[in-house]
Amino acid sequence: TILFLALTTIVYSQENSILFDGRTDDWKEQHSTVYDDSNEDGNSIELQTLRITNDKKDLYINFSLQEELLLNSDNDLTLYIDTDQNAETGYGIENIGAELRWNFGERKGFYTHADEQVYHNDIGFSSLPTVTSNNFELKISLQAKPDGTNKLFDGNAFNILLKSNDGGDA
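Described in the following lines is the structure provided in the data block. Everything numeric in this text was worked out from a predicted model, so none of it was measured.

### Regarding the overall build of the chain
Within the chain, the secondary structure is distributed over one helix and 12 strands. Here the chain holds 170 residues, and the buried ones make up 48% of them. Once local pairs closer than 6 in sequence are excluded, the contacts in the chain between residues at least 24 apart make up 59%. Surface accessibility of the chain: about 8,200 Å² in total, with carbon and sulfur atoms responsible for 41%.

### Notes on the packing of aromatic side chains
Scanning the model with the defined rule gives six aromatic pairs in all. Considering the side-chain rings of Tyr80 and Tyr91, the 5.8 Å spacing of their centres and the 5° angle between planes classify their relative orientation as stacked. Placement of Tyr80 in strand S4 (residues 77-82) and of Tyr91 in strand S5 (residues 91-93) is noted, with a sequence separation of 11 residues between them. Note on Tyr91: relative accessible area 33%, which makes it partly exposed.

### Quick word on the pairing of S4
Of all six residues that make up S4, six are buried, and the element is covered over most of its length. As paired strands, S4 and strand S12 (residues 159-164) are joined by six bridges and run antiparallel to one another. Bridge pairing in S12 links Leu79 to Leu162. Relative to strand S7 (residues 100-103), S4 runs antiparallel, the two being bridged by four bridges. For Ile81, the partnering residue across the bridge sits in S7 and is Leu100.

### Quick notes on the environment of Gly90
Inspection of the secondary structure puts Gly90 in the loop between S4 and S5. Apart from residues lying up to four places away in sequence, Gly90 is in contact with Gly97, Ala98, Glu99 and Thr112.

### Quick word on the side chain of Asp76
Structurally, the position occupied by Asp76 is in the loop between strand S3 (58-69) and S4. No salt bridge is formed by the buried Asp76; the nearest opposite charge belongs to Lys163, separated by 8.4 Å. There is a polar contact of 3.1 Å between the side chain of Asp76 and the side chain of Ser164. The contact partners of Asp76, leaving out residues within four places of it in the chain, are Ile45, Asn103, Lys163, Ser164, Asn165 and Asp166.

### Digging into the pattern of salt bridges
Opposite charge on two side chains makes pairing possible when the charged atoms of those side chains draw close. Taken as a whole and assessed by the stated rule, the structure comprises one salt bridge. Between Lys163 and Glu94 there is a salt bridge; the shortest N-O distance is 3.1 Å. Taken as a pair, Lys163 in strand S12 and Glu94 in the loop between S5 and strand S6 (96-98) lie far apart in primary sequence, 69 residues in all. Lys163 gets classed as buried once you look at its relative accessible area, which sits at 13%.

What counts and how
- Chains are numbered independently. Their residues run from 1 in the order of the written sequence.
- Given that this is a predicted model, residues contribute local features only at a pLDDT of at least 70 and side-chain atom pairs are listed and counted only at 80 or more, while totals for whole chains, interfaces and linings are drawn from all residues.
- Note that the side-chain values use all heavy atoms of the structure and ignore hydrogens as well as water.
- Helix and strand definitions here come from DSSP, where helices need a minimum of 4 consecutive H or I residues and strands a minimum of 2 consecutive E residues; each element is numbered from the N-terminal end.
- In this scheme, a residue with accessible area under 20% of its type's maximum is buried, one over 50% is exposed, and one in between is partly exposed, where area comes from a 1.4 Å probe on protein chains only.
- Residues are treated as being in contact if the distance between any of their heavy atoms lies within 4.5 Å.
- Residue exposure ignores everything except the shown protein chains as possible cover, and the areas themselves are Shrake-Rupley values with a 1.4 Å probe.
- Stacked, tilted and edge-to-face are the three classes applied to pairs of Phe, Tyr and Trp rings, where Trp contributes its six-membered ring and a pair requires centres within 6.5 Å; stacked means planes under 30 degrees apart, edge-to-face means over 60, and tilted covers the rest.
- One bridge is not enough; two strands pair if DSSP finds at least two bridges between them.
- By the counting scheme adopted, Arg and Lys are positive, Glu and Asp are negative, and His together with the chain ends is not counted.
- A pairing counts as a salt bridge when a side-chain nitrogen of Lys or Arg comes within 4 Å of a carboxyl oxygen of Asp or Glu.
- Definition of a polar contact: a pair of N or O atoms within 3.5 Å, with one able to donate and the other able to accept a hydrogen when the atoms are protein atoms, and with sequence-neighbouring residues admitted only if both atoms are side-chain atoms.

Structure (structure tokens):
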């Protein structure tokens, strides 16, 4: 398993222009943090690339998989975001403490700060395409308040982990 522990990256001020349309040709021209996994070490889901960037309003994530799947159904692919960069707080996994744990297949997540489930509208989450694919584009609002009070992103750096929990890639 390759741990893609984050991108302790200051992406807050990058000012990139991603057209959120399910096509990813605009990602190649953007300044973004890129992860490329050439190893075939996942038992189920094999992550190939991961790109992250932002503008003033949203965090954008683009990733590709070796094989197609329907992102919002029947998979255990999970996104973990540690927004305070403290492994002692949040959901402990792979040396991070994730404040947000988003399970794509269940179409919901868990916000540990308030100890409650969250849904798409709570974090300004969108994903494309909505059909089977091996390349996905996500956005999450940088102004999101999952519990209605506390901001999810309160700093300008964070850790991120994308992981298949059944022995797949990370």
